[in-house]
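# Per-entry structural report
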Amino acid sequence: MMLDCRFYEAVVQLPLQKAQALDPAGDALNEQLDAGTREHALSRREQCYEIITSELRALKGETSQREFGSPIRPVVQSALDPASRKKNICQIIQLGVQSPDRLFHKYLYRALIDLGLENELAYLPF
């Protein structure tokens, strides 16, 4: 029996830690800074957030996936059954909302809507 082992804690926590490291002063949220500086900081954070949403996209079974800094590539279909996919999607969302990163929460909210995962929005702290 083949086991599809996932380490979602790392899939969520490492990109969020990297986003924090790329914007330690919170420039993406600082309204006192010029728009260009805020946008640059936000863009760097969103590159990290995309790693997490790419995994959600893959679990959802979307036809394409973008890896960090790479062009869009086809997704290899997972051997997971629908119930396991849903469980893993919920686990990623639950891990994500534990983060104090408000920008990530907003990014995740938009990603869930874009992916047609509106029912999972109940996990978000809005």
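Refer to the preceding data block for the structure.
Please read all numbers here as calculations on a predicted model, not as lab measurements. Numbering of residues starts from 1 in every chain and runs along the sequence as written. Selection of residues for local features in this predicted model requires a pLDDT of at least 70, selection of side-chain atom pairs for listing and counting requires 80 or more, and totals for whole chains, interfaces and linings are taken over all residues. Only hydrogens and water are removed before side-chain values are computed, so all heavy atoms of the structure are retained for them.

Note on geometry: axes are lines fitted to C-alpha atoms, helical ones only across the stretch in contact, with angles between N-to-C directions running from 0 to 180 degrees. Here a helix means four or more residues in a row that DSSP labels H or I, a strand means two or more in a row labelled E, and each is numbered from the N terminus. Close contact between helix α1 (residues 8–22) and helix α3 (residues 82–97) brings their axes to 9 Å; oriented N to C, the two are set at 35 degrees. Two packed elements cross with a definite hand, and for α1 against α3 that hand is right-handed. Contacts between α1 and α3 involve Tyr8, Glu9 and Val12 from the former and Asn88, Gln91, Ile92, Leu95 and Gly96 from the latter. Residue classes in the contact of α1 with α3 are distributed as four nonpolar, three polar and one charged. Each crossing gets its hand from how the near helix is turned against the far one by less than a right angle, where anticlockwise is left-handed and clockwise is right-handed. Contacts are assigned to residue pairs with any non-hydrogen atoms lying within 4.5 Å of each other. Under the scheme applied, nonpolar residues are Ala, Val, Leu, Ile, Met, Phe, Trp, Tyr, Cys and Pro; charged residues are Asp, Glu, Lys and Arg; polar residues are all the others, including Gly.

Pairing of aromatic rings covers Phe, Tyr and Trp, the last counted by its six-membered ring, and requires centre-to-centre distances within 6.5 Å; plane angles under 30 degrees mean stacked, over 60 mean edge-to-face, and any other angle means tilted. Enumeration over the complete set of coordinates arrives at two aromatic pairs. Centre to centre, the rings of Tyr49 and Tyr107 are 5.4 Å apart; their planes meet at 55 degrees, and the pair counts as tilted. With Tyr49 in helix α2 (residues 35–60) and Tyr107 in helix α4 (residues 102–114), this pair connects stretches of sequence that are 58 residues apart. With respect to burial, Tyr49 and Tyr107 carry one shared label: buried. Among the aromatic residues, those joined into a ring-pair cluster are Tyr49, Phe104 and Tyr107. For every residue, the accessible area obtained with a 1.4 Å probe (protein chains only) is divided by the maximum for its type, and the residue is called buried under 20%, exposed over 50%, and partly exposed between those limits.

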